[in-house]
Amino acid sequence: MNRLIAAMLFGSTMLLGSLAPALAATAVTVNGVAISDLDVSQRVQLMKLEGGGNTKAAINSLIDEQLQLQEATRLGIQVTEQQVDDAFQQVARNVKMSTSKLNELLRANGVSDATMKSRLRAALAWQKVGEVAIRGRVQLSDLELDQQAAAALDSDMSYDYILKEVLFITTDKGSAASRTAQANQYRKSFSGCDTAVQLSLSYTDAAVREMGRRHATQLPEALAKELAALNIGGITKPRVTESGVSMLAVCSKTSARDTTFVKNKLRSQQGNEAMKAESEKYLAELRSKAKIVRN
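Residues numbered from 1 in each chain as written. Predicted model: local features only at pLDDT ≥ 70, side-chain atom pairs only at ≥ 80, totals over all residues. Heavy atoms only, no water.

**Q** Tell me about helix 4 (residues 81-94), and name the residues and values.
**A** The terminal C-alpha atoms of helix 4 lie 20 Å apart, and with 14 residues this matches the ideal 20 Å at 1.5 Å per residue to within 8%. Within the span of helix 4, buried status applies to Val 84, Ala 87, Phe 88, Val 91 and Ala 92. Viewed along the axis of helix 4, the buried residues span an arc of 145 degrees, placing them on a single side of the element. At the exit of helix 4 stands Lys 96, carrying a positive phi of roughly 60 degrees. (Helix = DSSP H or I, 4+ residues; strand = E, 2+ residues; numbered from the N terminus. Expected span 1.5 Å × (residues − 1). Buried < 20%, exposed > 50% of the residue type's maximum accessible area, 1.4 Å probe, protein only. Arc of directions from axis to C-beta.)

Below, the structure is given as structure tokens:
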């Protein structure tokens, strides 16, 4: 559960301390803004809840987070209380808790909800800084993406299909085996898409859904390879899904070398990697220019 909470906090490792009482000693100042010993101790507790951390790591994270917030302010970026509350609620949903239960978990581990919300505020602010000031620094070559996408596209991924899904609905986990057996019976009798619906009427809770046109690159690789080996009128082996036991019927199959989806996937992956690198570089620049005084 602790590691789940850590994973849900926007993937950020940068922390912001809550507002400390006036009597708390100052641990460090960042461009004149104080971070207290209480801030640090609270953040150490949060890091322990997430699976590890010490005072040095907490201070460094707090410094980074304060720099993020200051840069957001300089750029005129604001994060509302509602946005922070929504993010906190999303964390609770992701770990399958109510916000009150998440608060209880935090308090039981010596962490205030304000500490986590401060971290979320900084993460939201930095995300907006990225959109405003950092994304423009990320440059990807369309030519290189085209070349990489073409190289990644093998023969199994070079087909365009019109598909129908045949679904044997399951009501509980225990029914998957019996439904798979029925799906295999259906598969043996299957003679093409034109009779798919009529054949399904012989079974209880079996449905046929039009999936329309799909290129192989839009499908999971293992499924695309299975479809590539089928002719028109073929049907895949049963697969257990969240909805039930599913099979895909091939109603049309044409050769079509389309790198669009592969290219978009590469663009997203490489863009995220480049964005992360540029964000780290941007933050390092802020740190190098900042006046940081440790007490």
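**Q** Describe the state of the cysteines, naming the residues involved and giving the relevant values.
**A** One way to say it: the disulfide is the covalent bond shared by the sulfur atoms of two cysteines. Inspection of every chain in the model, using the stated rule, returns one disulfide. There is a disulfide in this structure between Cys 193 and Cys 251, and the S-S distance comes to 2.0 Å. Negative torsions about the S-S bond denote left-handed disulfides, and the value of about -95 degrees found for Cys 193 with Cys 251 makes this one left-handed. Placement of Cys 193 in the loop between helix 8 (176-189) and helix 9 (196-200) and of Cys 251 in strand 6 (residues 244-255) is noted, with a sequence separation of 58 residues between them. Its relative accessible area of 11% is what places Cys 193 among the buried residues. (Disulfide = S-S within 2.5 Å.)

**Q** Can you break down the packing of helix 3 (residues 55-74) against helix 6 (residues 113-134) residue by residue, with the values?
**A** Following both chains from N to C, one finds helix 3 and helix 6 inclined at 50 degrees, their axes separated by 9 Å at the closest point. As the angle between them shows, helix 3 and helix 6 are arranged oblique. When you trace helix 3 past helix 6, the crossing you get is left-handed. For the pair helix 3 and helix 6, the contacting residues are Glu 65, Gln 68, Leu 69, Glu 71 and Ala 72 in the first and Ser 118, Arg 119, Arg 121, Ala 122, Ala 125, Trp 126 and Val 129 in the second. Class assignment of the residues belonging to the contact of helix 3 with helix 6 gives a composition of six nonpolar, two polar and four charged. (Axes fitted to C-alpha atoms, helices over the stretch in contact; angles between N-to-C directions. Parallel < 35°, antiparallel > 145°, perpendicular 65-115°, else oblique. Left-handed = near helix turned anticlockwise from the far one by under 90°. Contact = heavy atoms within 4.5 Å. Nonpolar A, V, L, I, M, F, W, Y, C, P; charged D, E, K, R; others polar.)

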